[in-house]
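What follows is the residue order along each chain.
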Amino acid sequence: MADEEVPAEEIVEEVEEVAEMNVLDALKEVLKKALVHDGLRKGLHECAKALDRRSARLCCLAKDCENEEYKKLIRALCAEGEVSVIMVDSGKDLGAWCGLAKLDADGEVKKAVRTSCAVITEFGEETRALTVLLDYLQKQADGEE
């Protein structure tokens, strides 16, 4: 019985670590899962097509995008299709999270291509990160109403 209790304590510790996941970490993981499951669209052209077809589930937009018309178009398409928008601080970070980066031997980002918009059309598998992200979006939607 003592052997059975030790793994149970380890599981509790892992759950506590995952519970502390913030929204950006959750977003990174969800973007990577979507990329693996071919459910990620990057750039204005692909994102606009996905939003126009109403196949988008979530949109990420970079705050440092210089073109106001670009941001206005994406926000309008998201509002029309009732798609949630998450603002990300840097387009370079968003590009790296979407897989538009070269990595060095240690797995660190060596060079990242900037993207101002990314749309998730398919989340892939149900993960803890997806739950955290959807809970955050639900709270945001409740706060606006």
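What this report covers is the structure whose coordinates are included nearby.

Cut-offs used in this document
- Residues numbered from 1 in each chain as written.
- Predicted model: local features only at pLDDT ≥ 70, side-chain atom pairs only at ≥ 80, totals over all residues.
- Heavy atoms only, no water.
- Patch = residues over 30% accessible without salt bridge, like charges linked within 9 Å, V, L, I, M, F, W, Y side chains within 5 Å.
- Areas by Shrake-Rupley, 256 points an atom, 1.4 Å probe, with all protein chains shown as cover.
- Salt bridge = Lys/Arg side-chain N within 4 Å of Asp/Glu carboxyl O.
- Lys, Arg positive; Asp, Glu negative; His and termini not counted.
- Charge placed at Lys NZ, Arg CZ, Asp CG, Glu CD.
- Helix = DSSP H or I, 4+ residues; strand = E, 2+ residues; numbered from the N terminus.
- Buried < 20%, exposed > 50% of the residue type's maximum accessible area, 1.4 Å probe, protein only.
- 1 Å grid on protein atoms, 1.4 Å probe; cavity = no way out; pocket = protein on both sides within 12 Å on 5 of 7 lines; lining within 4 Å.
- Points joined across faces, edges and corners; volume = space filled by probe spheres on them.
- Nonpolar A, V, L, I, M, F, W, Y, C, P; charged D, E, K, R; others polar.

1. Looking at a positive patch on the surface
Point 1. On the surface, K92, K102, K110 and K111 cluster together into a positively charged patch.
Point 2. The topology assignment puts K92 in helix α5 (residues 91-97).
Point 3. Classification of K92 by relative accessible area gives partly exposed; the value is 45%.

2. Focus: the layout of surface pockets
Point 1. Considered as a void within the structure, the second largest pocket measures approximately 210 Å³ in volume.
Point 2. Lining of the second largest pocket is provided by K28, K32, K92, D93, A96, W97, G99, A101, L103, G107, V109 and A112.
Point 3. When residues of the lining of the second largest pocket are traced back to their parent elements, those giving at least two are α2 (23-36), α5, β4 (101-103) and β5 (109-112).
Point 4. Of the residues that constitute the lining of the second largest pocket, the class distribution is six nonpolar, two polar and four charged.

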